[in-house]
Amino acid sequence: MGDFQNALFAAAALMATAVLWSLRLPTDAGATAAPARGWRSLKFHNLGLSSSFILECRVERRGIGMTNSLDREAVAEPHNLLGIDGIEFIEFATSKPQALGGVLERMGFRPIARHRSREVELYRQGKMNIIVNAQAADVPRTVQPTERPIISAFAVRVRDADAAFRRALELGAWEIPVRARAMELNIPAIHGVGESLIYFVDRHDEFSIYDIDFRAIPTVDPHPPALGGLHFFGLVQYIDADRTADWVEFYSQVFGFAPLPDSKRFGILPKGLLLESPCRTFYLQLIEPDDVARFAPAEEHLQRIGFGTPDVLGTVEILQKRGVEFLVSEKVHASERGALTTASLGSVMFELVHDVPAGAAVRR
């Protein structure tokens, strides 16, 4: 029976490898599948075998000399596999860019540049960059601008964008087709939740991606200061019921995120699971629906941006004077831990979280 079991294990391992590889194959002309549904279920269930059996096969693969290069590298490399160094920008897609621009300006952002060939504008505050994209999507399965603004992408800053992109593909992420036009930078990206994208951007010193693809708006300060010491704290992602394990696997395997224990919480909305980035400068919060909404139809998506500030109540006061409204209810209201804005344009909300980064300077 030993030889028969070894042969069976080897065959199943080869089949599992084929399924893993098939995750990156295009699903239709010009499009690739997103990891949102089936990142875990495809790996373990498409073969009609139990998850425990597939795991046993993987152990056996290593025992019979079938370990691939990714298995070896995963053990040898440091936790921050892609060299991530924070969030470079967050992108909204909307067909009403001026309306969204007004919301961002009340939050302290300023428009500083416009794209050279697309209907795209760059807003900045301190070290935070937000892209407002009103250009019709030219790649299948990506966000089309609508009146209700949608968080359509975020970019992580890395040591080497091309190397990080290729490494992410090796780890199971799915690329999107190249869509750069003549004289534009090709910023590598993979599929994220829903129809969103995750970009990889090189760290920069003397020049950046914005210097090439954007034209500065004359007379505008290209580096407006951050109100109340605001900085990117992270993103909140709404997911389907029983999908937390799938997304934890995706973000941990591809990017090196680590789930935090329930005892460690930030802000005033302690729901869901927090994932800490490998560079320890930002977080992702995964939130499943409540029991009453468990079977209601909904799309997984990036729901809101979290901003860190060393003085939540002081920053709330600053923003209220600029016309920003905050939720006030029995369960949700501003405190020293955090605050949540009311929804603007039907979908845009921001969360403030108490956070003091190293060397932070607060401006009132």
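The structure presented is a predicted model; accordingly, all values stated were derived computationally and were not measured. (Residues numbered from 1 in each chain as written. Predicted model: local features only at pLDDT ≥ 70, side-chain atom pairs only at ≥ 80, totals over all residues. Heavy atoms only, no water.)

*Asks:* Describe the environment of Ala-134, with residues and values.
*Replies:* As for its position among the elements, Ala-134 is in the loop between β6 (128–133) and β7 (150–158). As for Ala-134 and Ser-95, which are separated by 39 residues in sequence, their C-alpha atoms are 5.2 Å apart. (Helix = DSSP H or I, 4+ residues; strand = E, 2+ residues; numbered from the N terminus.)

*Asks:* I'd like a rundown of the sheet that holds strand β10 (residues 214–216), residues and numbers included.
*Replies:* The eight strands are arranged β8-β9-β7-β3-β6-β5-β4-β10 in an open sheet whose pairing can be described as mixed. Since the sheet does not close on itself, it has two edges, and those belong to β8 (189–191) and β10, each with one partner. Between one strand axis and the next, the sheet turns through 30° on average, direction left out of account. Inspection of the sheet shows β8 paired to strand β9 (residues 197–202) by three bridges, in the antiparallel sense. Across the sheet, residue Ala-189 finds its bridge partner in β9, namely Tyr-199. Lying on the sheet, helix α6 (residues 161–170) is in contact with β7, β8 and β9; it crosses β9 at an angle near 145°. The sheet strands contacting helix α8 (residues 244–255) are β3 (84–93), β8 and β9, and the helix crosses β9 at an angle near 20°. (Pairing = 2+ DSSP bridges. Axes fitted to C-alpha atoms, helices over the stretch in contact; angles between N-to-C directions. Contact = heavy atoms within 4.5 Å.)

*Asks:* I'd like a rundown of the side chain of Glu-300, residues and numbers included.
*Replies:* Looking at the element boundaries, Glu-300 is found in the loop between β14 (283–287) and β15 (301–309). Since its relative accessible area comes to 4%, Glu-300 is described here as buried. Reaching out from Glu-300, the side chain makes a polar contact with the side chain of Trp-247 at a distance of 3.3 Å. (Buried < 20%, exposed > 50% of the residue type's maximum accessible area, 1.4 Å probe, protein only. Polar contact = N/O pair within 3.5 Å; in protein donor to acceptor, adjacent residues only side chain to side chain.)

*Asks:* Help me get a handle on the pairing of β9, residues and values and all.
*Replies:* With five of six residues buried, β9 is to be regarded as a mostly interior element. Taking the residues that link successive antiparallel strands as the turn, the β8-β9 hairpin has five residues, and the phi of Gly-194 there is positive, at about 60°.

*Asks:* Give me the pairing of β6: which residues, what numbers.
*Replies:* Most of β6 sits inside the fold, with six of its six residues counted as buried. As judged from the six bridges shared by strand β5 (residues 120–125) and β6, these two strands associate in the antiparallel manner. Across the sheet, the residue bridging to Arg-124 is Asn-129, located in β6. Between β5 and β6, which pair antiparallel one after the other, the connecting turn spans two residues, and Gly-126 there sits at a positive phi close to 60°.

*Asks:* So what's going on with the nonpolar core? Which residues, and what values?
*Replies:* Grouped together as the largest cluster of nonpolar side chains are 60 residues, with contacts concentrated most on Phe-200, Tyr-251, Phe-255, Ile-305, Phe-307, Phe-350 and Leu-352. If one sorts the elements of this core by residue count, α8 sits on top with six residues. Every residue in contact with Leu-352, bar those within four places of it in the chain, is listed here: Leu-230, Phe-307, Thr-309, Val-312, Thr-315, Val-316, Leu-319, Phe-326, Arg-337, Gly-338 and Ala-339. If you look at the next biggest cluster of nonpolar residues, it comprises 16 residues, including Ala-153, Ala-155, Ala-189 and Tyr-199. (Core = buried A, V, L, I, M, F, W, Y, C linked by side-chain atoms within 4.5 Å.)

*Asks:* Quick one: what's the story with a nonpolar patch on the surface, residue by residue and with numbers?
*Replies:* A surface patch of nonpolar side chains, amounting to about 270 Å² of accessible area, comprises Leu-185, Phe-207 and Ile-212. A relative accessible area of 34% means that Ile-212 is categorised as partly exposed. (Patch = residues over 30% accessible without salt bridge, like charges linked within 9 Å, V, L, I, M, F, W, Y side chains within 5 Å. Areas by Shrake-Rupley, 256 points an atom, 1.4 Å probe, with all protein chains shown as cover. Salt bridge = Lys/Arg side-chain N within 4 Å of Asp/Glu carboxyl O.)

*Asks:* Describe α8, with residues and values.
*Replies:* Under the 1.5 Å per step criterion, the end-to-end length of α8 is 16 Å for twelve residues, consistent within 8% with the ideal 16 Å. Most of α8 sits inside the fold, with nine of its twelve residues counted as buried. Those residues of α8 that fall on the buried side of the exposure criterion are Thr-244, Asp-246, Trp-247, Val-248, Glu-249, Phe-250, Tyr-251, Val-254 and Phe-255. (Expected span 1.5 Å × (residues − 1).)

*Asks:* Kindly report on the pattern of salt bridges, identifying the contributing residues and their values.
*Replies:* Any two side chains of opposite charge can pair, on the condition that their charged atoms come close. Here the structure, examined in full by the defined rule, presents ten salt bridges. Across the pair Glu-88 and Arg-157 runs a salt bridge, and its minimum N-O distance is 2.7 Å. With Glu-88 in strand β3 and Arg-157 in strand β7, this residue pair connects regions lying 69 residues apart in the sequence. Relative accessible area serves as the criterion here: at 2%, Glu-88 is assigned to the buried category. Between Asp-246 and Arg-243 there is a salt bridge, and its shortest N-O distance comes to 2.6 Å. Here the two residues Asp-246 and Arg-243 agree in accessibility, since each one is buried. When salt bridges with common partners are traced through the structure, they connect Arg-243, Asp-246 and Glu-300 into a single cluster.

*Asks:* Explain the sheet that holds strand β16 (residues 338–340) to me, using residue names and the numbers behind them.
*Replies:* Spatially, β12-β13-β14-β11-β15-β17-β16 is the arrangement adopted by the seven strands of the open sheet, whose pairing is mixed. Looking at the sheet topology across the chains shown, the edges are occupied by β12 (258–259) and β16. With seven bridges connecting them, strand β11 (residues 231–238) and β15 associate as antiparallel partners. Bridge assignment links Gln-237 to a residue of β15, and that residue is Leu-302.

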